[in-house]
Amino acid sequence: MSGLVLKLGPKERVLINGAVIENGDKRSRLSVVTPEANILRLRDAIHPEHATTPVRRVCYAAQLVLSGDADPDDARLPLLRRIEELSQILTDADSRSHLAQATQSVLDGQFYQCLKSLRNLLGREDRLLARHAS
């Protein structure tokens, strides 16, 4: 994750290689220069009980790699399959762009970027599910 810059709000927490880091009372920026660092903003974390929709389940799978609960090599192929399944459902150009970015990120071993791309689809998924529930 070379060159990743985290902008943290006051008291915001982030998980870096399994260690929870809490920011102080002021906004700050951290530059992560270690290429293989696993990073997860705890405010972005999805609780296992909330991984109940297709996009949230894929996000959760990427999150498990970042938290150190899944091996990146073991998670790569299942994650790529799940992203491909999403591309069968989310066919608009914007969704396809985010899914393509997520796929490339997985192939590059950049699971934070994968999660970031997938999180862009959560609002769209919520709207689609709400429409079908009505």
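Residues numbered from 1 in each chain as written. Predicted model: local features only at pLDDT ≥ 70, side-chain atom pairs only at ≥ 80, totals over all residues. Heavy atoms only, no water.

Visitor: Looking at this model, I keep getting lost on the overall build of the chain. Mind explaining?
Guide: Scanning the chain for helices and strands turns up five helices and five strands. In the chain, the succession of helices and strands from N to C terminus is β-β-β-β-β-α-α-α-α-α. For a compact globule of 134 residues, the expected C-alpha radius of gyration is about 14 Å, and the chain comes in at 15 Å, within 12% of that figure. The dimensions of the chain, computed from C-alpha atoms along their principal axes, are 45 × 35 × 25 Å. Within the chain, contacts between residues separated by at least 24 positions form 56% of all contacts whose residues are at least 6 apart in sequence. With the model as given, the accessible surface of the chain reaches about 7,800 Å², and the carbon-plus-sulfur share is 50%. Between the mean site of the 19 positive side-chain charges and the mean site of the 17 negative ones, the chain shows a separation of 7 Å. (Helix = DSSP H or I, 4+ residues; strand = E, 2+ residues; numbered from the N terminus. Rg over C-alpha atoms; globule rule 2.2 N^0.38 Å. Contact = heavy atoms within 4.5 Å. Areas by Shrake-Rupley, 256 points an atom, 1.4 Å probe, with all protein chains shown as cover. Lys, Arg positive; Asp, Glu negative; His and termini not counted. Charge placed at Lys NZ, Arg CZ, Asp CG, Glu CD.)

Visitor: What's the story with the side chain of Ser117 in this structure? I'm lost.
Guide: Looking at where Ser117 falls in the secondary structure, it is placed in helix H4 (residues 111-119). The residues touching Ser117, leaving out its near neighbours within four places in the chain, are His98, Gln101 and Ala102.

Visitor: Help me understand the nonpolar core in this model?
Guide: Within soluble globular proteins, side chains that are nonpolar tend to cluster in buried spots. Counting 34 residues, the largest nonpolar core has Leu6, Ile39, Leu79, Ile83, Cys114 and Leu118 as the members making the most contacts within it. Ranked by residue count, the leading element in this core is helix H1 (residues 54-66), at seven residues. (Core = buried A, V, L, I, M, F, W, Y, C linked by side-chain atoms within 4.5 Å. Buried < 20%, exposed > 50% of the residue type's maximum accessible area, 1.4 Å probe, protein only.)

Just distances and angles here, no functional claims.
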